[in-house]
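These are the residues of each chain, in order.
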Amino acid sequence: MEYRCVQCGFRIKTLFVQYSPGNIRLMKCVNCKAVADEYIECELMIVLIDLILHKPKAYRHVLFNVLNHERTHFQMLMDVFLGNYMFLCSFLFAIRSLLKTSAQFSRFRDLLLAILISSYFKILLTAMMVWEFPPAVIYIIDLFVLSSNTVALKVMTKSTMNRCIGACFIAHAIKFCITQAFA
Ligand SMILES: [Zn+2]
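In short, a report on the structure. Quantities reported herein were computed from a predicted structural model and do not represent experimental measurements.

1. Regarding the nonpolar core
- Core analysis: the biggest nonpolar cluster contains six residues, these being Tyr-39, Val-47, Leu-51, Ala-58, Val-62 and Leu-67.
- Residue assignment for this core shows that the elements contributing at least two residues are α1 (44-52) and α2 (56-66).
- Residues within four places of Ala-58 in sequence aside, it is in contact with Tyr-39, Val-47, Asp-50 and Leu-51.

Right under this line is the structure:
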């Protein structure tokens, strides 16, 4: 297993040398002479902000130096992708059957967009799990996504709150069962 320099993508054997707990020295890249991965010492928020800003070095850090070395987390990432796909399918099905809305595609497009944005956010958060988040955080995020989906649905369909909660809850329950079955 090797790492990559986040500045230029050059391969590197190790990113830091640890002298004692909490006392590390970051390695320099032999190709570009910069510190190979300064994110190791950065706060989580800084990595997240750089990911949102689409900085290639932040993506190199996550893809090559973090996820590449965490098989279990990679499995979890697949879980999120699969879960969200199943969620999307069951969500659309639930909306159609429960809310009995006529198929207005502009509305569905808005809804898809809202779900995709929240999914994208969740993938980032899953990547952050690598920095040892308590597992409960992911459930709190799930609840947050569930409630925000409900509000988005209510605003868009002008249906009753109970029906919106029902549609979202069914979709989340199906997603939960499927991701548990594959876990
Ligand atoms: Zn480099």
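2. Looking at the coordination of the zinc ion
- Distances from the zinc ion to its protein donors, namely Cys-5 (SG), Cys-8 (SG), Cys-29 (SG) and Cys-32 (SG), fall within the range 2.2 to 2.3 Å.
- Each donor residue of the zinc ion lies on the same chain, and together they follow the pattern C-x2-C-x20-C-x2-C. Of the two residues, Cys-5 is situated in the loop between β1 (3-4) and β2 (11-12) and Cys-32 in the loop between β4 (23-26) and α1; the sequence distance between them amounts to 27 residues.

3. As for the packing of α1 against α2
- In the contact formed by α1 and α2, the axes pass within 8 Å of each other and the chain directions differ by 115 degrees. For α1 against α2, the interelement crossing comes out left-handed. Mapping the contact onto sequence places Val-47, Asp-50 and Leu-51 in α1 and Ala-58, Tyr-59, His-61 and Val-62 in α2.
- Residue composition of the contact of α1 with α2, by class: five nonpolar, one polar and one charged.

4. Observations regarding the packing of aromatic side chains
- Counted according to the given criterion, the structure contains zero aromatic pairs.
- Above the ring of Phe-64, the side-chain terminus of Arg-4 is found at 4.3 Å from the ring centroid.

5. Concerning the environment of Ser-147
- Along the chain, Ser-147 turns up in helix α5 (residues 136-157).
- A C-alpha to C-alpha distance of 9.8 Å links Ser-147 and Cys-164, two positions 17 residues apart in sequence.

6. A few points about the pattern of salt bridges
- Taken as a whole, this structure holds three salt bridges when the rule is applied.
- Here Arg-11 and Glu-2 are joined by a salt bridge, their closest N and O atoms 2.8 Å apart.
- Judged by relative accessible area, which is 47%, Arg-11 ranks as partly exposed.
- Of the charged contacts in the structure, one is a salt bridge between Asp-50 and Lys-55, with a shortest N-O distance of 3.5 Å.

7. Here's the deal with the environment of Cys-8
- Position of Cys-8 relative to the elements: it lies in the loop between β1 and β2.
- Along the chain, Cys-8 and Asn-31 lie 23 residues apart, while their C-alpha atoms are 7.8 Å from each other.
- Once you skip the residues sitting within four places of it in the chain, Cys-8 turns out to touch Cys-29, Asn-31, Cys-32 and Arg-60.

Definitions and cut-offs
Residues numbered from 1 in each chain as written. Predicted model: local features only at pLDDT ≥ 70, side-chain atom pairs only at ≥ 80, totals over all residues. Heavy atoms only, no water. Core = buried A, V, L, I, M, F, W, Y, C linked by side-chain atoms within 4.5 Å. Buried < 20%, exposed > 50% of the residue type's maximum accessible area, 1.4 Å probe, protein only. Helix = DSSP H or I, 4+ residues; strand = E, 2+ residues; numbered from the N terminus. Contact = heavy atoms within 4.5 Å. Donors = N, O, S within 2.8 Å, 3.2 Å for Na, K, Ca; no water. Axes fitted to C-alpha atoms, helices over the stretch in contact; angles between N-to-C directions. Left-handed = near helix turned anticlockwise from the far one by under 90°. Nonpolar A, V, L, I, M, F, W, Y, C, P; charged D, E, K, R; others polar. Phe/Tyr/Trp six-rings, centres within 6.5 Å; stacked < 30°, edge-to-face > 60°. Lys NZ or Arg CZ within 6 Å of the ring centre and 35° of its normal. Salt bridge = Lys/Arg side-chain N within 4 Å of Asp/Glu carboxyl O.

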